[in-house]
Amino acid sequence: MQATMAEGPASIKSDEDSCILEKRGRPSISIQTKDEPTYNPPHDNERLRRQETKMLFHRATQHIKPGPFYRWIVYLYGERKLWVFFLLHTVATLVIWTHFAMIKFDEQKNGVPDGAPFYWWKRLVPPVEFGSMHAILFQMSLIPLTMCRYSIAALSGSSLGLDRFVPLNRMLRIHIHLGYVMVSIVFGATVLFFTFFGLLCSNGDQAFCDKFTSEIMCTGYAILGCLLIVGGTSYFRNSIPYEVFYIVHHLVFALYLITIAHTIDNVQRNNERNRSQTFQWFSTTILYYVCDRVAMHLNHKYKTRISTFSAIRAGANGSNVGSARKAFQVVGQPSSSRMLILKLPRPQLLHFQPGQYVFLKVPSVDQHWHPFSIASAPSAEELEFYVEVIGPADKTWTGKLWETLVASGRFETAVDQPVKQKTDIPIEIMGPYGTCLAGNMNNKHPWSHGLFIGAGTGIVPVLSMLQQHVRQVIRLSPKMHLQNLHQMRHHRLSYELAAEEKKGSMASKAVRSCWKKNQAPPHSEGSKETSFHDENLSPLTKDDKLRHSIQQNLVQQDDDDSSTSAVDGQRDNGRADRSRKRS
């Protein structure tokens, strides 16, 4: 029986009579004869195809639809490292809370006499509060470590294999979890504290009434206010401007300072009572975080320019338009979707892996840093970023960037392709940070297959990974492999030159200028020049000679590459002449 596909995935034409075959759990198959041809208009064919596809998808989902238990098992297995960390963190928090609560419980046992009013309140509430305070300090000691981007990026790309056991790619999730845990403990402890003190104050105990206005209580009010503000803006971070969230989130530093002052009150200063000092918990991690931020600005900060950009604007009904040609409307008219594709030269010292991101700052727009994933391959000469423009120019950073790049009145006609323009706008880069999308790319057993799922601008890390994979496949060619070796040599020398120029960049300029002012007058023609290995020679002069030698190597390599290309061209011409003579 000869069978061919008809206007749907479920209809088959045959020489036999028309019939319908149905099996349980499978879509129906229609068999039609050639003697009874049917004609359906194009729009009917499209409608039938959509209906059949929808029916097939519905039956397939009903057949393989997993239950809630299966979904949870799959989710826990996929995030097993993260949930193991959450479990260990919960156990550590409970151990710390129990340890300090038991210490306070023993103190209250000796301090509260039997038969005192509200005996069990005075025995149980202070231990709960004391344990909660140290549990909060434990969260505050861990939060700075989750924001050490420089260290996390270095560990994820190292050969230690630490990312196999520690969820380095989920540090932002861990940061949010620790913050919410801290806010929850503070909120619960505050409610219990005011209930306890209010109950005793209303019973006529003036000592508890006076504590509401004490110095330690005032700092406690400030801590609660900072936590509520930071926690509220974090919860609604997707509904408020990024700049507002970024600025308000820096109240955390004020929170740490107030927490230090919380236990250095007048009672502690007058030696009336020895309080447990809070700075002992998080001073080390805060110092490490400060060093990490300093290293970020010293080693991962580059200045470059936007070479080209593409402005894409979809129509107001772009989501319902069938053809891509109709999706691009007149730039300058209101629309529902806009996007910028930025391309800028990659700094020599910037090396990244697919899936990592950088912070961008455009001084002509504002002075804020904004994180964006890198869409280009790690070996590309240009960095490519996809920026989704959200909101008007007077409210959002992406809107201001759109107005800065796409000047008003520049594009007046409809376009079928993204509008590309050259520009020369300064931009600053800080990074890369984050982890690789598929683990360490430098390991001995790289991945061979991959399944990537992305929506919207979430496809950007996938683009970087795919471009890197394509470049690796192309390098399998011997000719491309030789070209890659020449490029690697050129990049290595360029990297050495850039590294020497950046080495000691903050102090070298000042020292160089001072040394040049105080140096001796130039030697005469007959004087003996100083040797490169002279011990009395300034280190800056040695750096200059090293830099000059690297530049000479680059020039020599370019000459070698050009001569090699000329020789290859002559060989190709000779082969062509010989083949022409044979023909």
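Fair warning: this is a prediction, and the values are worked out from it, not measured in the lab. (Residues numbered from 1 in each chain as written. Predicted model: local features only at pLDDT ≥ 70, side-chain atom pairs only at ≥ 80, totals over all residues. Heavy atoms only, no water.)

(A) Seen up close, the overall build of the chain. Broken down by element type, the chain carries 18 helices and 10 strands. For the chain, the proportion of its 583 residues judged to be buried stands at 34%. Long-range contacts, defined as pairs at least 24 residues apart, comprise 70% of the intrachain contacts of the chain with a sequence gap of at least 6. Working note: accessible area of the chain is about 37,000 Å², and carbon and sulfur atoms make up 59% of it. (Helix = DSSP H or I, 4+ residues; strand = E, 2+ residues; numbered from the N terminus. Buried < 20%, exposed > 50% of the residue type's maximum accessible area, 1.4 Å probe, protein only. Contact = heavy atoms within 4.5 Å. Areas by Shrake-Rupley, 256 points an atom, 1.4 Å probe, with all protein chains shown as cover.)

(B) Representation of unusual backbone geometry in the model. Here the bond from Gly431 into Pro432 is cis, since omega is 10 degrees, no more than 30 degrees from zero. Tracing the chain through its elements places Pro432 in strand β10 (residues 419-433). One non-glycine residue, Phe118, lies in positive phi territory at about 55 degrees. The topology assignment puts Phe118 in the loop between α3 (80-111) and α4 (119-146). Given a relative accessible area of 26%, Phe118 falls into the partly exposed group. With a phi close to 60 degrees, Asn271 is a non-glycine residue in the positive phi region. Relative to the helices and strands, Asn271 is located in the loop between α11 (266-269) and α12 (279-299). Given the relative accessible area of 68%, Asn271 is considered exposed.

(C) View of the packing of aromatic side chains. Inspection of every chain in the model, using the stated rule, returns 25 aromatic pairs. Taken together, the ring pairs connect Trp121, Phe193, Phe194, Phe196, Phe197, Phe208, Phe212 and Tyr221 into an aromatic cluster. It is Arg80 that lies over the ring of Tyr77; its NZ or CZ is 4.4 Å from the centre. Lying across the ring of Trp402, Arg338 places its NZ or CZ 5.3 Å from the centre. (Phe/Tyr/Trp six-rings, centres within 6.5 Å; stacked < 30°, edge-to-face > 60°. Lys NZ or Arg CZ within 6 Å of the ring centre and 35° of its normal.)

(D) Structural context of the nonpolar core. The biggest cluster of nonpolar side chains holds 28 residues, and the ones touching the most others in it are Leu340, Leu342, Leu383, Phe385, Leu401 and Leu405. At the level of secondary structure, the elements contributing two or more residues to this core comprise β5 (301-314), β6 (337-345), β7 (357-361), β9 (382-389), α14 (397-405) and β10. Counting residues in each nonpolar core, the second largest holds 25 residues, with Ile136, Met140, Leu168 and Val252 among its members. (Core = buried A, V, L, I, M, F, W, Y, C linked by side-chain atoms within 4.5 Å.)

(E) Up close: a nonpolar patch on the surface. Residues Trp72, Tyr75, Leu76 and Trp83 make up a contiguous nonpolar surface patch of roughly 400 Å² in combined accessible area. The biggest single contributor to the nonpolar patch is helix α2 (residues 68-78), with 3 residues. For Trp72, the location among the structural elements is in helix α2. For Trp72, a relative accessible area of 52% gives the class exposed. (Patch = residues over 30% accessible without salt bridge, like charges linked within 9 Å, V, L, I, M, F, W, Y side chains within 5 Å. Salt bridge = Lys/Arg side-chain N within 4 Å of Asp/Glu carboxyl O.)

(F) A look at the packing of α3 against α4. One can describe the packing of α3 onto α4 by two numbers: an axis separation of 7 Å at closest approach and a directional angle of 145 degrees. As α3 runs across α4, the sense of the crossing is right-handed. (Axes fitted to C-alpha atoms, helices over the stretch in contact; angles between N-to-C directions. Left-handed = near helix turned anticlockwise from the far one by under 90°.)

(G) Structural view of the packing of α3 against helix α6 (residues 171-202). In the contact formed by α3 and α6, the axes pass within 11 Å of each other and the chain directions differ by 30 degrees. The angle between α3 and α6 places the two elements in the roughly parallel class. The two elements α3 and α6 meet at a crossing, and its hand is right-handed. Contact residues: α3 offers Leu82, Phe85, Phe86 and His89, while α6 offers Arg173, Ile174, His177, Leu178 and Val181. When grouped by side-chain class, the residues that make up the contact of α3 with α6 number 6 nonpolar, 2 polar and 1 charged. (Parallel < 35°, antiparallel > 145°, perpendicular 65-115°, else oblique. Nonpolar A, V, L, I, M, F, W, Y, C, P; charged D, E, K, R; others polar.)

(H) Inspection of the side chain of Arg123 at higher detail. Following the sequence through the fold, Arg123 ends up in helix α4. For Arg123, which is buried and forms no salt bridge, the nearest opposite charge comes from Asp114, at a distance of 5.7 Å. Separated by 2.6 Å, the side chains of Arg123 and Tyr119 make a polar contact. Every residue in contact with Arg123, bar those within four places of it in the chain, is listed here: Phe105, Gln108, Lys109 and Val112. (Lys, Arg positive; Asp, Glu negative; His and termini not counted. Polar contact = N/O pair within 3.5 Å; in protein donor to acceptor, adjacent residues only side chain to side chain.)

(I) Looking closely at the state of the cysteines. This structure, assessed with the given rule, holds 1 disulfide. Between the sulfur of Cys201 and that of Cys209 lies a disulfide, 1.8 Å long from S to S. Where Cys201 bonds to Cys209 through sulfur, the torsion about that S-S bond is close to 110 degrees, and the disulfide is right-handed. Classification of Cys209 as buried rests on a relative accessible area of 17%. Of the cysteine sulfurs around Cys148, a residue in no disulfide, the closest is that of Cys291, at 9.3 Å. Assessed through its relative accessible area of 1%, Cys148 is described here as buried. (Disulfide = S-S within 2.5 Å.)

(J) Seen up close, the confidence of the model for the chain. In this model, the chain carries a mean pLDDT of 74, and residues with pLDDT of at least 70 account for 66%. In the model, residues 515-543 has pLDDT below 50 throughout and makes 13 contacts with residues more than four positions away in sequence or in other chains. (pLDDT = per-residue confidence, 0-100.)

(K) Expanded view of helix α15 (residues 460-474). Taking 1.5 Å per residue as the helical rise, α15 with its 15 residues ought to reach 21 Å, and the 21 Å between its terminal C-alpha atoms agrees with that figure. Turning to α15, its buried residues number three or more, namely Val460, Pro461, Val462, Ser464, Met465 and Gln468. (Expected span 1.5 Å × (residues − 1).)

(L) Molecular detail of the side chain of Glu129. Turning to its location among the elements, Glu129 is positioned in helix α4. For the buried Glu129, no salt bridge exists, and the shortest N-O distance to an oppositely charged side chain is 11 Å, to Lys104. Separated by 3.2 Å, the side chain of Glu129 and the backbone nitrogen of Phe193 make a polar contact. When residues no more than four places from it in sequence are discounted, the contact partners of Glu129 are Ala189, Leu192 and Phe193.

(M) Fine view of the pattern of salt bridges. Applying the stated criterion across every chain, the model contains 5 salt bridges. Residues Lys104 and Glu107 are paired through a salt bridge, measuring 3.7 Å at the closest nitrogen-oxygen approach. A residue pair is termed a helical-turn pair when its members lie 3 or 4 positions apart in one helix, as Lys104 and Glu107 do in helix α3 at 3 residues. With relative accessibility at 45%, the residue Glu107 sits in the partly exposed group. Of the charged contacts, one joins Arg275 and Asp265 as a salt bridge, the two residues approaching to 3.0 Å between their closest N and O atoms. Placement of the pair is Arg275 in the loop between α11 and α12 and Asp265 in the loop between α10 (251-262) and α11, with a sequence separation of 10 residues. The same class applies to Arg275 and to Asp265, which are both buried.

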